[in-house]
Amino acid sequence: MYKVSIIGASGTVGRYAALAISRIPNVREIVLFGRSSSQAMLESIARDLLDSFAATGIPTKVSWSSAAESLADSKIVIITAGVPRKQGQDRLDLAYQNAEIVAQYAKEIVCVAPKALIMVVSNPVDVMTSVALASSGKDPHHVFGLGTHLDSMRLKSLIADHYQVHVSEVHTRIIGEHGESMVPLWSATTIGGIQLSHFYEFEAPNLPFLLETVKKTGQMIIEGRGATEWGPGEAIATIVRVILGNENRILTLSAYVSREINGMGGVCIGIPVLIHKQGVHPVAIHIEEDEANAFRDSIARVKAVTEEIMMLLKEKEVL
Ligand code: NAP
C-alpha cells in the first residue's frame, strides 16, 4: 500500500486527479499539498473526497498540508502547481514563472522524500520535466512528465470513433512536444494489431484533420468550461496505477531521451517509455524517416526553450 502526494491539489487538475487516484486499490494515503494560503480550500477538497469515500466504501486516508515534511514516504509526488497564462503574456514568461515553482518543489521533494518518483504535469510540461530533473538531481528514470500521453489518448479516441471500434482495440502514439510540434506515429497505429491502410472496406480517416483536432482539444475545452479536468486527471491516475501495480506498460510520457529514437535526444520530451515500480525507461526504437524529421524539429523546439529557461534559472541562482 502506497502514499501518493499531489502538489497543486487546490487546482482543477490536482483535485480531480486526487479523486481518480483514490479509486486505485493499492493507494493507502493521498496528501493534498498546496500553499499555506490555500489550506482552507484543500481542507474542503479533502472533506468532500472523504464524503465520496464514505458513499463508495473507499478506505483511503486523505490529508492536506503546506509543510514539505508531509510528503515524506510518498511513492509518487505529482506536481500540478502552476500559473495559468495571462493575456498578453508570452509562453517563455509563463515557462519561467512555472519553472521557478517546479524547481522549488522538486528540491523540497528530494529533501523529504528522496525515494519518491516525481511526475510533472505543469506546463510547458516537457520543459518543466527537465527543470524538475535538474533541480532534484535525481536519476532520469525517476522523474517524468505527463508528456503526450493525453494527446495519444485523444487520438486513440478519434480513431476508435472513425472505425466504430472499442478504444482498447486502437494502438497509437503521439511523441515529441506536448504542444504544436507533436508528432503522430502513424506507422505505429493499428486496430486490433492491423495497420490502418489494411482496412480496405473503410474510408481512411483524414489523418492531418485528426491531428489538428488533437492539438486544439485542450484549448477548446478551456474555452468552453474554463479548464481541462477529467482528461488529465484520469491520465495521471492511469500512470499512478501502472507504477503501483508494476504493470510494465509502454506509455508515451515526457522523459529524458539520450539517443533512443533514431539516435536523437538530449532533452526531456514525449517518447514511449516502459513504466513500472522503478520508474520510466525510454524504449529504443527506429521510426520512419518523415516521423524522424518531425521529431527532430520537435526536439529542437523544446531544447531551445529548455536551454533558455535553464540559463535564466542559473542566472537567478534558482538552480
Ligand atoms: P489551476 O486550477 O489554476 O491550479 C493551479 C494550481 O497551481 C493551484 O493549486 C495553485 O495553488 C497552484 N499555484 C499557482 N501559482 C502558484 C505558485 N506561485 N506557487 C505555488 N503554487 C501555485 O490550474 P490547473 O488547470 O489545475 O492546471 C495545473 C497545471 O497543469 C497548469 O500548468 C496546466 O497548464 C497543466 N496541465 C497540463 C496538462 C498536460 O497534459 N501536461 C493538462 C492539463 C493541465 P493556489 O490555489 O494556492 O493558487
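Residues numbered from 1 in each chain as written. Predicted model: local features only at pLDDT ≥ 70, side-chain atom pairs only at ≥ 80, totals over all residues. Heavy atoms only, no water.

## Details of the overall build of the protein chain
Phase 1 of the analysis: When helices and strands are tallied, the protein chain shows eight helices and 14 strands.
Phase 2 of the analysis: By the compact-globule yardstick of 20 Å for 319 residues, the protein chain fits well, its C-alpha radius of gyration being 19 Å.
Phase 3 of the analysis: Here the protein chain holds 319 residues, and 50% of them are scored as buried.
Phase 4 of the analysis: Long-range pairs, those at least 24 residues apart, make up 71% of the contacts in the protein chain between residues at least 6 apart in sequence.
Phase 5 of the analysis: Roughly 14700 Å² of accessible area belongs to the protein chain as shown, and the carbon and sulfur atoms make up 53% of that amount.
Phase 6 of the analysis: Side chains of the protein chain carry 29 positive and 34 negative charges; the gap between the two charge centres is 6 Å. (Helix = DSSP H or I, 4+ residues; strand = E, 2+ residues; numbered from the N terminus. Rg over C-alpha atoms; globule rule 2.2 N^0.38 Å. Buried < 20%, exposed > 50% of the residue type's maximum accessible area, 1.4 Å probe, protein only. Contact = heavy atoms within 4.5 Å. Areas by Shrake-Rupley, 256 points an atom, 1.4 Å probe, with all protein chains shown as cover. Lys, Arg positive; Asp, Glu negative; His and termini not counted. Charge placed at Lys NZ, Arg CZ, Asp CG, Glu CD.)

## Here we look at the environment of Pro140
Phase 1 of the analysis: Tracing the backbone through its elements, the reader meets Pro140 in the loop between helix H4 (125–136) and strand S6 (143–145).
Phase 2 of the analysis: A C-alpha to C-alpha distance of 32 Å links Pro140 and Ile222, two positions 82 residues apart in sequence.
Phase 3 of the analysis: Setting aside residues no more than four positions away along its own chain, Pro140 makes contact with Leu133, Tyr256 and Val280.

## Some points on the sheet that holds strand S11 (residues 194–195)
Phase 1 of the analysis: With respect to topology, three strands assemble into an open sheet ordered S7-S10-S11, the strand pairing being antiparallel. A single partner strand is all that each edge strand has here, and the edge strands are strand S7 (170–171) and S11.
Phase 2 of the analysis: In this structure, S7 lies alongside strand S10 (residues 190–191), joined through two bridges in antiparallel fashion. Paired with His171 across the bridge in S10 is Thr190. (Pairing = 2+ DSSP bridges.)

## Some thoughts on the environment of Ile109
Phase 1 of the analysis: Note on placement: Ile109 falls in helix H3 (residues 91–112).
Phase 2 of the analysis: Residue Ile109 is classed as buried on the basis of its relative accessible area of 0%.
Phase 3 of the analysis: For the pair formed by Ile109 and Tyr163, sequence separation is 54 residues and the distance between their alpha carbons is 45 Å.

## Concerning the domain arrangement of the protein chain
By a widespread convention, an interface's size corresponds to the accessible area lost as its parts come together.
Phase 1 of the analysis: Domain boundaries in the protein chain define domain 1 (2–145) and domain 2 (149–307).
Phase 2 of the analysis: Centre-to-centre, using C-alpha coordinates, domain 1 lies 23 Å away from domain 2.
Phase 3 of the analysis: Contact residues are listed per partner, giving 33 residues for domain 1 and 34 residues for domain 2.
Phase 4 of the analysis: Counting the surface lost from both domain 1 and domain 2, the interface buries some 2700 Å², and carbon and sulfur atoms represent 71% of this.
Phase 5 of the analysis: Summed over the three residues of domain 1 that lose the most area to domain 2, namely Tyr16, Asp126 and His141, the buried surface amounts to 22% of that side.
Phase 6 of the analysis: At the junction of domain 1 and domain 2, the tally comes to one salt bridge.
Phase 7 of the analysis: There are nine residue pairs in polar contact (both at pLDDT 80 or more) connecting domain 1 and domain 2.
Phase 8 of the analysis: Mapped onto the side of domain 1 that touches domain 2, the elements with two or more residues apiece are strand S1 (2–7), helix H1 (12–22), strand S4 (76–79), strand S5 (117–120), H4 and S6.
Phase 9 of the analysis: Looking at the side of domain 1 that touches domain 2 residue by residue, the classes come out as 21 nonpolar, nine polar and three charged. (Domains from an automatic or database assignment. Buried area = accessible area lost by both parts, 1.4 Å probe. Salt bridge = Lys/Arg side-chain N within 4 Å of Asp/Glu carboxyl O. Polar contact = N/O pair within 3.5 Å; in protein donor to acceptor, adjacent residues only side chain to side chain. Nonpolar A, V, L, I, M, F, W, Y, C, P; charged D, E, K, R; others polar.)

## Observations regarding the site of the ligand
Phase 1 of the analysis: Neighbouring residues of the ligand: 21 residues in total, closest Ser10, Val13, Arg35, Ser38 and Asn123.
Phase 2 of the analysis: At 3.1 Å from an oxygen atom of the ligand is found a main-chain nitrogen or oxygen belonging to Gly8.
Phase 3 of the analysis: Interatomic distance of 3.2 Å between a backbone N/O atom of Val121 and a nitrogen atom of the ligand.
Phase 4 of the analysis: Out of a free accessible area of 930 Å², the ligand has 78% covered by protein chains.
Phase 5 of the analysis: Elements represented by at least two residues in the shell around the ligand include exactly H1 and H3.
Phase 6 of the analysis: Taken domain by domain, the shell around the ligand gets at least three of its residues from each of domain 1 (2–145) and domain 2 (149–307). (Near = heavy atom within 4 Å.)

## What to know about the pairing of strand S2 (residues 27–33)
Phase 1 of the analysis: Among the seven residues of S2, six are classified as buried, and the element is accordingly described as predominantly covered.
Phase 2 of the analysis: By the bridge criterion, six bridges tie S1 to S2 in an arrangement that is parallel. Paired with Ile6 across the bridge in S2 is Leu32.
Phase 3 of the analysis: In this fold, S1 hands off to H1, which returns the chain to S2; that crossover is right-handed.
Phase 4 of the analysis: Direction of pairing for S2 relative to strand S3 (residues 61–65): parallel, over a ladder of five bridges. When the bridges of S3 are listed, Glu29 appears paired with Lys61.
Phase 5 of the analysis: The parallel pair S2 and S3, bridged by helix H2 (residues 39–56), forms a crossover whose chirality is right-handed. (Right-handed = clockwise from strand over helix to strand, strands pointing away.)

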